[in-house]
Number of protein chains: 2
Amino acid sequence: VPSRSFVALVPSLALIAGAAWADEGMWTFDNFPRELVRERYGVTIDDAWLENVRLATVRISGCTGSFVSPNGLILTNHHCVSSCLAQGSTRERSLIDSGFVARGRETELDCATQIADVLEKLENVTAKVQEATRGLPERDANERRRQTLTQLEQACESASQTSGNPLKCEAVTLYNGGQYWLYQYHRYDDVRLVFAPEDDIAAFGGDPDNFQYPRWCLDFSLLRAYENGRPAATPRHLTIDFEGPSAGEAVFVPGHPGSTDRELTVAELRALRDRSFPPALLRASELRGRYLQFAKTGEDARRIVQDALFSLENSLKVQRKQLDALLDDAQLTEKREAEADLRARVNRKRALAAEIGDPWRKIEDALAVEAARFLPYQYLEGGAGFNSRLYRYARTLVRAAAERPKPNAERLREYTDGFLPRMEQQLAAPVPIYSELERLTLSFSLERMREWLGPDAPIVQRLLTAETPDEIAARLIDGSGLADPAVRMALWNGGQAAIDASTDPLIALARSLDAEARELRKWHEDNVEAVIEAAHEQIARARFEILGTSVYPDATFTLRLNFGSVQGWIENGTPVEPFTHLDRLFERETGQPPFRVPAIWQQAKPALDLETPFNLSTNSDIVGGNSGSPLVAADGRLVGLLFDGNIHSISGAYWFDDAKNRAVAVHPAIIREALTKVYKVEPLIEELGLAN
Amino acid sequence: VPSRSFVALVPSLALIAGAAWADEGMWTFDNFPRELVRERYGVTIDDAWLENVRLATVRISGCTGSFVSPNGLILTNHHCVSSCLAQGSTRERSLIDSGFVARGRETELDCATQIADVLEKLENVTAKVQEATRGLPERDANERRRQTLTQLEQACESASQTSGNPLKCEAVTLYNGGQYWLYQYHRYDDVRLVFAPEDDIAAFGGDPDNFQYPRWCLDFSLLRAYENGRPAATPRHLTIDFEGPSAGEAVFVPGHPGSTDRELTVAELRALRDRSFPPALLRASELRGRYLQFAKTGEDARRIVQDALFSLENSLKVQRKQLDALLDDAQLTEKREAEADLRARVNRKRALAAEIGDPWRKIEDALAVEAARFLPYQYLEGGAGFNSRLYRYARTLVRAAAERPKPNAERLREYTDGFLPRMEQQLAAPVPIYSELERLTLSFSLERMREWLGPDAPIVQRLLTAETPDEIAARLIDGSGLADPAVRMALWNGGQAAIDASTDPLIALARSLDAEARELRKWHEDNVEAVIEAAHEQIARARFEILGTSVYPDATFTLRLNFGSVQGWIENGTPVEPFTHLDRLFERETGQPPFRVPAIWQQAKPALDLETPFNLSTNSDIVGGNSGSPLVAADGRLVGLLFDGNIHSISGAYWFDDAKNRAVAVHPAIIREALTKVYKVEPLIEELGLAN
């Protein structure tokens, strides 16, 4: 049932100039629309509330989580720890299948590539960046901007170390260049897995149900942040209210939405629609077919590929619905009209028009320039042509050896000092790598490179004349030692001399491709990115001047907060209720994947309350990266765990449809039911205050 | 080098009202623009020329061919006989790999599902059809039109039998309902394979080179039509001129272009772009991945899947470039403007406007109606959900049993008397069916049906609750006897009683789906097709009245003739030459598929003239179905064998781009070189007049 209070408020809201009409927006913490929330929901969000929520929210790889105990316990999604589960698995045994339960702290499982970041401070450095680039031509400005951001990060980290509270400092670009910030994080780099249920219940319904609702997914897991070998002290944490929220109740979702494209120009949206999505979707679909067919060759194969398959199917569904959204001419027309309106308004302000020129046209021109080398750029530099984890190690090592000796500000951005510890952590992590899967993905991507660049492209002639894609993939993967972390670390520590001396075939390949790939990247940065970034800075200026500052920036995988309420929606005239319940899970199961309920749940069934709420929906404006976000009530209680959106939420990449875009969360009551009656993990029951 | 004569003539042509600007058009033989051709190329095409070419041209399954000897010898493409080669292959041995050479007539290989049709007569029946449907509401008109066409066919066949020259009579709809014709064919249903080279040279470059140019494909084969167990007498045939054409020479391509969409409204093009192509491309790409991965499991698997893989990759490339074409907003805008112009002109003619109303809007509305049940229709009736040859047999048998007892004009169109002999031929043909491939395609399509219709769709609930897609596919395929032609013929001959009594699991499945599938079809016919067909009849009327009759109809896999000349084009500022030569084949080969030259060619190399022309390009306006068409010179000589288009030719589905759309043909000189110096097939050398 849609919230009545929201419906009733619309007329008065329409009178507030510049206000968003819907419960829309991925707001930064410094610019949260408290007044709007107070008017709409009668809720007061104060500084203390914001600070507490900010410090209890963590960023993990690609996801969000929140502290839910004073001892570093982090609540997040099952699907956010799938790479940790895959890393703890072998050919013979899959933790994704079996789940994982640490019955004491000593058995908590090291997640070797996981980190957890808490945003401690934010500093607006827009003026500094704009000052550094003022008056420079686009290419130089682009270069100088990168250098300035690197220098600001470096100075920030040094200062924090001196102060005795070392922080990770990351430059953040908001409003596509309208603002620059330094976000400063407390980083935990020792993160361990405490609990994860079986995939069969965590992702009940699998790919068919993904992005669907109603839903029955126990998509939660628990991690723990450690410091100095001990559970981290986390006094700022959220308390789970296992009763959950009521229908219509206001909820707030802090988290790290990954990426949206709501500020893109129409030309950029069309380039996505016409140039980017179709080939990406074709590649993803074919790879899905290869994975699925490979998985049928045996149980080992199924286990080996399951994590990669899950990620691929998820992104495939996202991309296909994003393309659907862009093919909606009515929506695109609305964008076009809004853009034409803004341009007309700019033209009426002579001084502004004279200063910014026509940045929309500049973007359109830069995209036309990009077309000429789009495919080589994608295949050689963008990763479409060399899809292999081992090859990615090789390229990282080859580039790091060349970049690290340079002055920090002169390196490629991802090799500046701020990023190196994380890179080293990932290189050193002892993660399983399966050569048959490596060969599959590498052969596939080489074959598609030949198709899309054409058999006469120089790179294709060089690589695929004497050998077929399968042959070269087998030779490179089977001949490489890079699956061994010790080999990787020797090359990392050995620098350029070690790289030069290496006879590893993947290192040799990465060496041989590097000059051409760098040239493509430089060309792209100078002729496309530099122009587009400068143009977006100008558009952002125009937007601030004309629309004011009560707007939110596109998502950038940095901390945001939104507001909304628990509600369903109307689908083809039929209301979709906001809550699902446990009874329907058992009715819906078939005994066959992906609709199979684990045996432990079957056994526990007699003891379970079948009316327990399971999942719920809200109109929160979220996107990938918000996975694992807590749903926070007005009084600060944690009342849900976000894990997905409905199918309409995917168009949220470009616009927010308040009528149909819904977020989907795990209800806390089913977490309580699981921990107390199914898995019976005593220490966790204790730690979460569930003991009777 | 583009033809100079064409460039020079453009200004004067622009003055001819209503004339096509380019060498454009898939013209019917009754309306060939002789005057235009005379002016442009100085060539006179008379009735005798047209008759001779028409009677020498044959239609085979999905392709074209031409008689090239008085003894029924048919020249066509290698890729047009691939299903015959696949049918003659086994798990252990592939005729696609090895090629096939009949060194005498007694060893010519039966192509069990092949036919060859020669168009003997054409009769315009537009007035009869329009009379029958006049004044009826759309649904009734649609029904009556179908019945009328069936009755006309039936009467035509009876009359031809009475006259002693039995013909196949097929109703043909041209101009999307602007004209109706009866095309009357002499049919050869005993067609045998005489010669086919190895796939490595016939399809040199494989999928990467498909639709590319320059090219080196020996994509030819020879069939022979038989009558009464003897080679057919074919006095009307073309004589091959093994010297081929000169650059700039006028060439004419008779053949059976399959399908174009140049007359579709903008709303229909957008429905293709937004609704049809994306899911079809995703399915095809995934299936490609499954096929490719399956082929890696062994040499048997590779052989089993090769023919299906070739077809799939070919259609995938076509569809992806068709989508690219529709994503070209500039082209779509041109279509939109032309449509707006036509609508405005209609509105200025009051009587016409009053009579036809707004058919464009009606089409748009019908497409909106279609959206609601598009996916169920595609999956249940359109074949997307049950991708299996055995299942298609089952459905044909189930439907035939229900339809054949009905009066001819009341049946589903494809079960009317005219189609039954061909259906019976296909059911009776002893073709190999590989259960592992059947399981793969059926499981795949069931899994996608679950994804796209959703796990809660009734059909999904019914089929995929107790079993996974793999399980149900294995049970159905392994339990079915339909791979045996005798089993199929028993069900065909046994009628409804045999179908009712059958316990074959695929027959049972087809029985259980039939009511729902028929309901969807009826709904689609009544609410979508009927409206759109009626609207297109009105648009055709408007076009004839406003634009005159010197226009050509969309392709319908019926006989057409175009005109053009031998020429290359300019690609990104660089001229592409119209001829390739043998020397470059050997330079381009890598020894690895798909760039491997067969051993027999390596051995023959010293004797070959390396300057022999290999392939050539022309600006002929062709499309799939023209494969195997002869290139006919002004004086009637056969100077080339069409087998492909360049990449730009694919947009020919929607518009003809004279600057870049090029057809690609095999040069006769390389056929002579192959037959005389490589394969040395004496009887063919003799029959084709190549003996010294």
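Our subject is the structure that appears above.
In short, a report on the structure. (Residues numbered from 1 in each chain as written. Chains lettered and ligands numbered in written order. Predicted model: local features only at pLDDT ≥ 70, side-chain atom pairs only at ≥ 80, totals over all residues. Heavy atoms only, no water.)

**Quick notes on the overall build of chain A**
Secondary structure summary: chain A contains 26 helices and 20 strands in total. A compact globule built from 692 residues should have a C-alpha radius of gyration of about 26 Å, and chain A, at 25 Å, falls within 12% of that. Every one of the 692 residues in chain A was classed for burial, and the buried ones make up 60%. Put simply, chain A shows about 25,800 Å² of open surface, and 51% of that area lies on carbon and sulfur atoms. Mean positive and mean negative side-chain charge positions of chain A (79 and 100 charges, respectively) differ by 2 Å. (Helix = DSSP H or I, 4+ residues; strand = E, 2+ residues; numbered from the N terminus. Rg over C-alpha atoms; globule rule 2.2 N^0.38 Å. Buried < 20%, exposed > 50% of the residue type's maximum accessible area, 1.4 Å probe, protein only. Areas by Shrake-Rupley, 256 points an atom, 1.4 Å probe, with all protein chains shown as cover. Lys, Arg positive; Asp, Glu negative; His and termini not counted. Charge placed at Lys NZ, Arg CZ, Asp CG, Glu CD.)

**Examining the state of the cysteines**
The final tally for this structure, using the stated rule, is six disulfides over all chains. Shown here is the disulfide that connects Cys 84 of chain A with Cys 111 of chain A, its sulfur atoms set 2.1 Å apart. Since a negative S-S torsion denotes a left-handed disulfide, the Cys 84 of chain A-Cys 111 of chain A link at about -85° is left-handed. One end of the pair, Cys 84 of chain A, is in helix H4 (residues 82-87); the other, Cys 111 of chain A, is in the loop between strand S5 (109-110) and strand S6 (116-124), and 27 residues separate them in sequence. Each of the two residues, Cys 84 of chain A as well as Cys 111 of chain A, counts as buried. With its sulfur 2.1 Å from that of its partner, Cys 63 of chain B forms a disulfide with Cys 80 of chain B. Taking the sign of the torsion about the S-S bond as the criterion, the disulfide between Cys 63 of chain B and Cys 80 of chain B, at about -80°, is left-handed. (Disulfide = S-S within 2.5 Å.)

**Section: the interface of chain B and chain A**
Every contact between the two is made by 47 residues of chain B and, on the other side, 47 residues of chain A. At the boundary of chain B with chain A, total buried surface from both sides reaches about 3,800 Å², with 51% on carbon and sulfur atoms. Considering only the surface of chain B that becomes buried against chain A, Gln 293, Leu 327 and Glu 451 of chain B emerge as the three largest contributors, covering 14% of it. The interface formed by chain B and chain A contains 14 salt bridges. At the surface where chain B touches chain A, the tally comes to 15 residue pairs in polar contact (both at pLDDT 80 or more). Put simply, the parts of the chain that give the side of chain B that touches chain A at least two residues each are helix H9 (206-209), helix H10 (266-295), helix H11 (299-326), helix H18 (435-453) and helix H20 (469-479) of chain B. The element contributing the most residues to the side of chain B that touches chain A is H10 of chain B, with 14 residues. Across the side of chain B that touches chain A, the residue classes tally to 16 nonpolar, nine polar and 22 charged. (Contact = heavy atoms within 4.5 Å. Buried area = accessible area lost by both parts, 1.4 Å probe. Salt bridge = Lys/Arg side-chain N within 4 Å of Asp/Glu carboxyl O. Polar contact = N/O pair within 3.5 Å; in protein donor to acceptor, adjacent residues only side chain to side chain. Nonpolar A, V, L, I, M, F, W, Y, C, P; charged D, E, K, R; others polar.)

**Details of the pattern of salt bridges**
Between side chains of opposite charge, a pair can form as their charged atoms come close. Residue and element names in this part refer to chain B. Considering all chains together, one arrives at 148 salt bridges over all chains under this definition. In this structure, Lys 128 engages Glu 123 in a salt bridge whose closest nitrogen and oxygen atoms are separated by 3.5 Å. Its relative accessible area of 46% is what places Lys 128 among the partly exposed residues. Glu 123 gets classed as partly exposed once you look at its relative accessible area, which sits at 32%. In this structure, Glu 447 and Arg 448 form a salt bridge, with 3.6 Å as the shortest nitrogen-oxygen distance. Grouping residues by exposure puts Glu 447 and Arg 448 together as buried.

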